[in-house]
Amino acid sequence: MHLIKSFLSNPLAPINIDLIGVGGTGSYVLQGLAKLSLVHKELVINSQGINVNVYDPDVISHSNTVRQLYNDNEIGESKAMTIVSNINRNYGFDWNAYEKKYDVKKIKETHIIILCPDNMKTRQDVYNNISNKVNYGEGVYIIDFGNSYDYGQVYVSYIPGNSFKKDEVQYGFPKNYLETKEDENEPSCSIAEAISKQKLFMNPLLASHGLNLLDELLTKEQMIYKGIYVSLETLSSKSIQWN
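Keep in mind that what you see is a predicted model, and the values were worked out from it rather than measured.

1. Structural notes on the packing of helix H2 (residues 26-43) against helix H4 (residues 79-91)
No. 1: Interhelical geometry of H2 versus H4 gives an angle of 25° and a closest axis separation of 11 Å. Judged by the angle between their axes, H2 and H4 are roughly parallel. Regarding H2 and H4, the two cross each other, and that crossing is right-handed. Contacts between H2 and H4 involve Ser 27, Leu 30, Gln 31, Ala 34, Lys 35 and Leu 38 on the former and, on the latter, Ile 83, Val 84, Ile 87 and Tyr 91.

2. Overview of the pairing of strand S7 (residues 151-159)
The side chains of a regular strand alternate, first on one face of the sheet and then on the other.
No. 1: Across the 9 residues that make up S7, a large majority, 8, are buried.
No. 2: Pairing geometry for strand S6 (residues 140-147) and S7, over 8 bridges, is antiparallel. Counterpart to Tyr 141 in the pairing with S7 is Tyr 158.
No. 3: Direction of pairing for S7 relative to strand S9 (residues 225-231): antiparallel, over a ladder of 5 bridges. Residue Tyr 151 lies in a different strand from S9, and its bridge partner there is Ser 231.

3. Some thoughts on unusual backbone geometry
No. 1: Residue Asn 46 is not a glycine yet carries a positive backbone phi of 65°.
No. 2: Summarising the element assignment, Asn 46 is placed in the loop between H2 and strand S3 (50-55).

4. Here we look at the sheet that holds S7
No. 1: An order of S4-S3-S2-S5-S6-S7-S9-S10 is seen for the 8 strands of this open sheet, with the pairing classed as mixed. Because the sheet does not close on itself, it has two edges, and the strands there are strand S4 (96-98) and strand S10 (236-241). Between one strand and the next, the sheet's axes are offset by a mean angle of 15°, whatever the strand orientation.
No. 2: In the sheet, strand S2 (residues 15-20) pairs with strand S5 (residues 112-115) via 4 bridges, with the strands oriented parallel. Paired with Ile 20 across the two strands is Leu 115, which belongs to S5.

5. Some details on the packing of aromatic side chains
No. 1: Taken as a whole and assessed by the stated rule, the structure comprises 7 aromatic pairs.
No. 2: Plain terms: the ring middles of Tyr 55 and Tyr 98 are 4.8 Å apart, the flat faces sit at 15° to each other, and that makes the pair stacked. One end of the pair, Tyr 55, is in strand S3; the other, Tyr 98, is in strand S4, and 43 residues separate them in sequence.
No. 3: For Tyr 98, a relative accessible area of 28% translates into the label partly exposed.
No. 4: With centroids separated by 4.9 Å and ring planes inclined at 85°, the aromatic side chains of Tyr 55 and Tyr 102 adopt a geometry described as edge-to-face. Linking Tyr 55 in strand S3 with Tyr 102 in the loop between S4 and S5, this pair joins segments that are 47 residues apart in sequence. When sorted by exposure, Tyr 55 lands in the same class as Tyr 102, which is buried.
No. 5: Put simply, the rings of Phe 7, Tyr 141 and Tyr 158 touch in pairs and so form one group of aromatic residues.

6. Thoughts on the pattern of salt bridges
No. 1: For the coordinates displayed, the defined rule picks out 2 salt bridges.
No. 2: With a closest N to O distance of 2.8 Å, Arg 123 and Asp 144 form a salt bridge. In this pair, Arg 123 is assigned in helix H5 (residues 120-130) and Asp 144 in strand S6, connecting sequence segments 21 residues apart. For the pair Arg 123 and Asp 144, one class covers both residues: buried.

7. Comments concerning the packing of H2 against helix H7 (residues 202-219)
No. 1: Contact pair H2 / H7: the axes reach a minimum separation of 10 Å and the direction vectors enclose 25°. Considering the angle they form, H2 stands roughly parallel to H7. Considering only the axes of H2 and H7, their crossing is right-handed. Packed against H2, whose contacting residues are Tyr 28, Val 29, Gly 32, Leu 33, Leu 36, His 40 and Leu 43, the element H7 presents Asn 203, Pro 204, Ala 207, Leu 211, Leu 214, Asp 215, Leu 218 and Thr 219 at the interface.
No. 2: Taken together, the residues of the contact of H2 with H7 sort by class into 10 nonpolar, 4 polar and 1 charged.

8. So, the layout of surface pockets
No. 1: The calculated volume of the second largest pocket comes to roughly 160 Å³.
No. 2: Together, His 209, Asn 212, Leu 213, Glu 216, Met 223, Ile 224, Tyr 225, Gly 227, Ile 228 and Ser 239 line the second largest pocket.
No. 3: When residues of the lining of the second largest pocket are traced back to their parent elements, those giving at least two are H7 and S9.
No. 4: The element contributing the most residues to the lining of the second largest pocket is H7, with 4 residues.

Rules used throughout
Here the residue numbering is sequential within each chain, running from 1 through the sequence in written order. Only residues with pLDDT of at least 70 are given local features in this predicted model, and only at 80 or more are side-chain atom pairs given and counted; all residues enter the totals for whole chains, interfaces and linings. Heavy atoms from the whole structure form the basis of all side-chain values; hydrogens and water molecules are not counted. To get an axis, fit a line to the C-alpha atoms, keeping to the stretch in contact for a helix; angles then go from 0 to 180 degrees between the N-to-C directions. Comment: elements are numbered from the N terminus, with helices defined as DSSP H or I runs of at least four residues and strands as E runs of at least two. In this scheme, roughly parallel covers angles under 35 degrees and roughly antiparallel covers those over 145, while 65 to 115 is roughly perpendicular and the rest are oblique. With the far helix as reference, a near helix turned anticlockwise by less than a right angle produces a left-handed crossing, and one turned clockwise produces a right-handed crossing. Contact criterion: two residues are considered in contact whenever any of their non-hydrogen atoms come within 4.5 Å of each other. Any residue under 20% of the maximum accessible area for its type is buried, any over 50% is exposed, and the rest in between are partly exposed; the area is computed with a 1.4 Å probe on protein chains only. A pair of strands is treated as paired once DSSP finds two or more bridges between them. Between rings of Phe, Tyr and Trp, where Trp is taken as its six-membered ring, a pair exists when centres lie within 6.5 Å; planes separated by under 30 degrees are stacked, by over 60 edge-to-face, and by other angles tilted. Within this document, salt bridges are pairs made up of a side-chain nitrogen of Lys or Arg and a carboxyl oxygen of Asp or Glu, the two lying within 4 Å of each other. Three classes are used, and their members are as follows: Ala, Val, Leu, Ile, Met, Phe, Trp, Tyr, Cys and Pro are nonpolar, Asp, Glu, Lys and Arg are charged, and the others, Gly among them, are polar. For each structure, a 1 Å grid was placed over the protein atoms alone; sets of points admitting a 1.4 Å probe that cannot get out are labelled cavities, open sets with protein on both sides within 12 Å along at least five of seven lines are labelled pockets, and lining residues have an atom within 4 Å of a point. Grid points are joined across faces, edges and corners, and a volume is the space filled by probe spheres set on the points.

Next up, the structure:
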């Protein structure tokens, strides 16, 4: 079981969330974050709201219009700017979009990092730089999404801040996770090619599981589970408990 840190369970300021990548999984995660923001204000005592910063340097292509939350009228536009503008307009938010890769210096300013990139290098950069960048006294949480053709996983990790010992880091993923070979996610030229690389409903399924974990982080005082493996091939899932 994990006791959720007070900067989330009893927030004294708006909760800052950095979402890295708004493609197949990230676009669904952002949509869910909008719903969670509304729920947070109703369920959490002294809620100061949620502020989301989205980072993605890519533009929308035709192949993105089936597995991701974009349409043909948005082809050629920035993914980050387009989807955040839609969210802000629909919900009355003032969330931020950046048409660039994530700057690890921003770790100092966030409470939760959500990783939905299409490459392993981005993950490695975040984890390799986070230990000396956390300024918040109680640390930062990372929710890490990753998937292949018909299976995927979500891991929640906790990295303590300066007031905690570094040996209290609680990574959600297996030991050799960050040594995984670089993802082979070259842009697809067609919808058919995109679907051949990844099953159509893999991304929203994984996003739902991860959003459920995020819901626990934002609205509860403790968590039993820190991750999940899911498979569309076997229609199965396996939960991962906090130590």
